[in-house]
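Descriptive structure summary
As a plain string of letters, each chain reads:
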Amino acid sequence: MLFVKDAPKENLVIRGARVLDPVESIDHLVDVRIDDGVIAELGSNLPVNGHRVLDGSGLVLAPAFVDPHVHLRTPGREDEETIATGTAAAAAGGYCAILAMPNTEPVVDSAAVLGALIEQAHTQAEVQVGFLAAISKGQQGGELTEMGELADEGAVGFTDDGHPVVATSLMWRALQYASITDRPLAVHCEDPTLSRGGHMHEGTVSAELGIGGWPSIAESVMVERDLALATYESRTLHLMHLSAKASVDALRRAHSEGVRATAEATPHHLVLTDEAVRSLDPNVKMNPPLGTGEDRQALIEGLREGTISCVATDHAPHARHEKEVPFEAAPFGVTGLETSFAALYTHLVEPGLLSLETLLERMSAGPARAYGLDVPKIAVGSPANVVLLDTQASWQVAEDGFRSRSKNSWLLGEKLRGRVRATIAAGRLVHES
Amino acid sequence: MGDLHVMRDDLRPPTTPPRRHLISIGDLTREDVERLLGTARTLERSLDREMKKLPTLRGRLVINVFYESSTRTSSSFELAAKRLSADTMSIKASGSSVDKGESLKDTAITLGAYDPDVIVLRHPHIGAPQLVARVTEACIVNAGDGKHQHPTQALLDLYTIQEQFGRIEGLHVAIVGDVLHSRVARSNIQALVLLGARVTLVGPPALIPRGIEAMGCETRTEIDAIGAADIVYVLRMQSERMQEGANYVPSLREYTARWGVTPERLRPGQKVMHPGPMNRGVEIDPLVADAADALIETQVRAGLVVRMAVLYDLLTTGPKPIKAEVPMEVA
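Chains are numbered independently. Their residues run from 1 in the order of the written sequence. Written order determines the labels here, with chains lettered from A and ligands numbered from 1. Where totals are concerned, whole chains, interfaces and linings use all residues; where local detail is concerned, this predicted model gives features only for residues with pLDDT of at least 70, and gives and counts side-chain atom pairs only at 80 or more.

1. Looking at the pairing of strand 1 (residues 12-15) of chain A
Residue and element names in this part refer to chain A. Note the threshold: Strands were regarded as paired on the criterion that DSSP finds at least two bridges between them. Numbering of helices and strands runs from the N terminus; a helix is a DSSP stretch of H or I covering at least four residues, while a strand is a stretch of E covering at least two.
Alignment of strand 1 against strand 4 (residues 31-35), held across 3 bridges, turns out to be antiparallel. Residue pairing for strand 4: valine 13 is matched across the bridge by arginine 33. Where strand 1 meets strand 6 (residues 52-55), 4 bridges bridge the pair, whose relative direction is parallel. From the neighbouring strand, arginine 15 faces strand 6, where its bridge partner is aspartate 55.

2. Considering the environment of Asn385(A)
Residues and elements named next belong to chain A. To keep it simple, the criterion reads: In this scheme the burial state of a residue depends on its C-beta neighbours within 10 Å: 20 or more other such atoms mean buried, 12 or fewer mean exposed, and anything in between means partly exposed; the C-beta positions come from the backbone. We call two residues in contact whenever the C-beta atoms placed from their backbones are within 7 Å.
On the secondary structure map, asparagine 385 appears in the loop between helix 14 (365-370) and strand 18 (386-396). Look at asparagine 385 and you get buried, because 28 C-beta atoms sit within 10 Å. Taking the C-alpha atoms as reference points, asparagine 385 and aspartate 31, 354 residues apart in sequence, are found 15 Å from one another. Sequence-distant contacts of asparagine 385, defined by excluding residues within four places in its chain, comprise Pro63, Ala64, Cys96, Pro376, Ile424, Ala425 and Ala426.

3. What to know about the sheet that holds strand 3 (residues 26-29) of chain A
Residue and element names in this part refer to chain A. Just so we agree on the cut-off: Simply put, an axis is a line fit to the C-alpha atoms, just over the touching stretch for a helix, and the angle between two N-to-C directions goes from 0 to 180 degrees.
Taken in spatial order, the 6 strands line up as 3-2-7-18-19-20 in an open sheet, and their pairing is mixed. Every interior strand has two partners, whereas the edge strands, strand 3 and strand 20 (428-432), have only one. Within the sheet, the average angular offset between the axes of one strand and its neighbour, ignoring direction, is 25 degrees. Here strand 2 (residues 18-21) runs beside strand 7 (residues 60-63); their pairing, made up of 2 bridges, is parallel.

4. So, unusual backbone geometry
Residue and element names in this part refer to chain A. Note that the residue after threonine 74, namely proline 75, is joined by a cis bond; omega there is 5 degrees. Mapped onto the elements of the fold, proline 75 is located in the loop between strand 8 (65-70) and helix 1 (83-92). In this structure, the amide linkage connecting asparagine 287 to the following residue, proline 288, adopts the cis form with an omega of -5 degrees. By the secondary structure assignment, proline 288 is in the loop between helix 9 (267-271) and helix 10 (293-305). Phi at asparagine 45 takes a positive value of approximately 50 degrees, unusual for a residue other than glycine.

Encoded structure:
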């Protein structure tokens, strides 16, 4: 279900790094040898055997990241992102695998469109990429896609992301039918009759600025609805980009009743609040909108305790001219692949809100499990999917540093701590800095 | 006046000394407001003379750019600039390159090529003034940005109240109607609170924005709440901003019955203000609009002198001080 460029694998020895794998419960200084892209040995003072040596002293070696939510804009908006540039950005961000959303032009709703993407991935993808297909044809919310054929072709799961599944009956049928594929449904929870006309969270800031408010219930009532449907059908569900405290509370309740739903939160919702919108910067306009401090605290707590098991960037590239307009005229969405670790290390780990181990788990094993993918791990015999992190290094986010084709980052100009020094994805060294 | 809110992606160093803009009442201090009102008072005296034109801004260029329709704001800015001897140009979105799909950024760059000293901008979106400020060298005066701010309206309303009551501090102002869609309401709440007035918002629940109390005002849904106020400020029912099916109110008829400002709902001597244009018979009874206690025409007259004061203030105490060849009778 994951596809990557066909290329020779690496022979490497990574020396002297602090190997930190929350899944394997490893946390000590040890050398790691990679033979032909597979982790071959962990030990002290490993012989080089003619392999290339990466100096890991002072660095953390961890399982590489998995991003369950990326917009690669291909096909249709290759001016904003391509499989090549999006996966290069992922490599720079420490990712070994990313999942691409189907809200493209055309929508990924047929085996033909999906097959063409997979073919491109075989020649362009720097890191492994999986594709979600649409729940409804054209993401129009009317008829189900041919999920059986799409799953056979290689779809990782199904979503109408970008749009909610409005009709409750369609969501119900989708849950029933997707069971034949054993691939998860991922839902963008938004009641469009409540969010209509909204450009930011409805609250004191929107009241003062006069920007159309988007009430947090637009998300949480749909979360409640979809959890009720999943409970009724005894099916699992993946809730995308949660933003509201009420949504986290609803999911926690559902978990306590035995519902097997997973959820993700984005770095921007985990770091910013609606106060950021006072800048009127179109790069803090996203769907769902940034919530209050209380919402942010609930997301951090949900991530810490595992109610929310995934960090997802919701990397959403936009052309410069589309964002160089007043806030209300700008499209929703920001990039995130190349800044996610540093943003969360700086704003959650350094202030003591989240441990490094938990962050690493939520950026790698959590998303992999949510979609039934192999969990990246540092164990003999596993494919080399590892990232070398420098938690001491500070850097300033700048447009010219991005490999993504789009520059609409919410972190431009910000100084962050935590740098990805090297990424090894599917056995290939795809990024060094 | 406060500096421009620099946007995150603007990495250019600020120009020195910084240009000044009038974008939001929130950028002003109480001293700024009092200085502007004092300047307006001085300028008003000049309008009593036979020769009404002052040479103060001779050779300066003021461009009015209106992306939304306007009568009193655009006409008073134009007349204010002319009374100060500035050259003026007025651009309306309809009939311009905007109709051909030109972006605000490109339109601003085009107009910026004429080196305007001031661009007066009305636009349907918050943030438009900042965008124009980033791509031109002009001082920007916000003449209305979406539902956000209309600072010169608030200043002229303060001026009207000051002239009428001799003070603003301690007065109680009830603002009635569609606050949700009103930039006039937001600017006035900030301005009145800044100068020490008490503000009560009155209107249907869905038209009083959730959380607006954080601006320092009270909110009520019963129209009786206007009874205690010194001034009843009536907002226009902005039907053009009402999305179909949004159901903010069931009907204009029910709105008028419940929240219309009628003679029966006012005390004798309560002053009534309205930013215009009025929907007579909807939010305001014609008898109220035409009564002696209505200050609506006074507001329009105040608009001229306040806008003269704003142009004067931005251009004579800013980075490009006017040459003192013609003394100006301003305190």
